[in-house]
Amino acid sequence: MAKINFGGTEENVVTREEFPLEKARQVLKDEVIAVIGYGVQGPGQALNLKDNGFNVIVGQRKDSKTWDKAVADGWVPGKTLFPIEEALEKGTIIQYLLSDAGQISVWPTVKKYLTPGKALYFSHGFGITYKERTGIIPPAGVDVILIAPKGSGTSLRRMFLQGRGLNSSYAIFQDATGKAKERVVALGIGVGSGYLFETTFQREVYSDLTGERGTLMGAIQGIFAAQYEVLRKKGHTPSEAFNETVEELTQSLMPLVAENGMDWMYANCSTTAQRGALDWWKKFRDATLPVFNELYEEVEKGNEAQRSIDSNSQPDYRAKLEQELKELRESEMWQAGAVVRKLRPENN
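Procedures and definitions
Residues numbered from 1 in each chain as written. Predicted model: local features only at pLDDT ≥ 70, side-chain atom pairs only at ≥ 80, totals over all residues. Heavy atoms only, no water. UniProt positions renumbered as here; feature names shortened; annotations may be inferred. Helix = DSSP H or I, 4+ residues; strand = E, 2+ residues; numbered from the N terminus. Buried < 20%, exposed > 50% of the residue type's maximum accessible area, 1.4 Å probe, protein only. Areas by Shrake-Rupley, 256 points an atom, 1.4 Å probe, with all protein chains shown as cover. Lys, Arg positive; Asp, Glu negative; His and termini not counted. Charge placed at Lys NZ, Arg CZ, Asp CG, Glu CD. Contact = heavy atoms within 4.5 Å. Pairing = 2+ DSSP bridges. Axes fitted to C-alpha atoms, helices over the stretch in contact; angles between N-to-C directions.

- By the naming in an unreviewed UniProt entry, the protein chain is Ketol-acid reductoisomerase, taken from Xiashengella succiniciproducens.
- Taken from UniProt, the Sequence similarities (unreviewed entry) comment for the protein chain reads in full: "Belongs to the ketol-acid reductoisomerase family."

**Some words on the overall build of the protein chain**
Link 1 in the chain: Within the protein chain, the regular secondary structure consists of 17 helices and 10 strands.
Link 2 in the chain: If one aligns the C-alpha atoms of the protein chain with their principal axes, the spans along those axes are about 65 × 50 × 45 Å.
Link 3 in the chain: Counting all 348 residues of the protein chain, 41% fall into the buried class.
Link 4 in the chain: With the model as given, the accessible surface of the protein chain reaches about 18,800 Å², and the carbon-plus-sulfur share is 54%.
Link 5 in the chain: In the protein chain, 42 positive and 45 negative side-chain charges are present, and the distance between their average locations comes to 3 Å.

**Description of the side chain of Glu247**
Link 1 in the chain: The topology assignment puts Glu247 in helix 12 (residues 238-260).
Link 2 in the chain: The exposure class assigned to Glu247 is buried, which follows from its relative accessible area of 9%.
Link 3 in the chain: With near-sequence residues (within four places) excluded, Glu247 lies in contact with Phe242, Ser252, Val340 and Arg344.

**Quick notes on the sheet that holds strand 10 (residues 193-198)**
Link 1 in the chain: Within the open sheet, the 10 strands sit side by side as 1-2-10-9-8-7-6-3-4-5. Their pairing is mixed. Sheet topology places strand 1 (2-6) and strand 5 (81-82) at the edges, where each strand pairs with a single neighbour.
Link 2 in the chain: As paired strands, strand 8 (residues 143-149) and strand 9 (residues 166-174) are joined by six bridges and run antiparallel to one another. Across the sheet, residue Pro149 finds its bridge partner in strand 9, namely Ser168.
Link 3 in the chain: Sheet strands touched by helix 9 (residues 180-190): strand 2 (9-15), strand 3 (33-36), strand 6 (93-96), strand 7 (119-122), strand 8, strand 9 and strand 10. Its angle to strand 8, the strand with the most contacts, is close to 25°.

Given below as structure tokens:
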């Protein structure tokens, strides 16, 4: 583990150079990694682990779309793909990758198979941090660990196939065996992390819920919608409004930010763009700071968690979700986006 200075603050990080894949394989050579759930994170993590040479099985409900997806991805029923209870019995490391609502529902089953010495692995701190609300309280004899890739399972898999890594956080909630640290770091390397940075279950979920509702998803969609609406009301065409709001950001500017930072992106834009950005960014910060403070407080109080539990546990959740996604999909902005994407050179 190395101590890296981030803007004057030292953090513990683990790189692939100091903890190579071969060492991770050695640490986990006697383990059976059972990936429970094949939805958002499950496929990427399971396939990366398998391709990296680990002993991986998948546990999923039979006669489900995700069971069929697992089969299509190459998992073999009775050999590497099993019903959930059978996978739980076989696994020494249980990667609990169901949705937060799914974890609550299946927890009584999972708990039965958490015999001493096993490890319970999460990719989100939700179930443990809000255990009074979720009921997920692990037995004393198991390691409880976390690897949280900073992106979707789809991104994790795509970057792995490109020979790249997606950064992940790691945490230990319970070290029952004395091996939790080695186990969690080895798993982080195994799933395809770029580097690993240390956190806690609580800090992970607080930052994650804030980020998802904020700049990663909620705030960015809100800002897109506001700017697009202003441009359209002022007479700009859908194509122009979409290109100036979304396409230029995602296709041209954000790759520059990813490459060398925001200042470098500014330096590679026109002087007029630089001047305007430098003059206006603090106004946007000051306008949104109260919203972010309110958001973090709602996360900290557990109100956001409770809203998620209440909503996502409803029997008609999927139908309501589709309606909300349909509203986004059928908005003029994202309809324009669908046309713009088709016009990209690589699609012609």
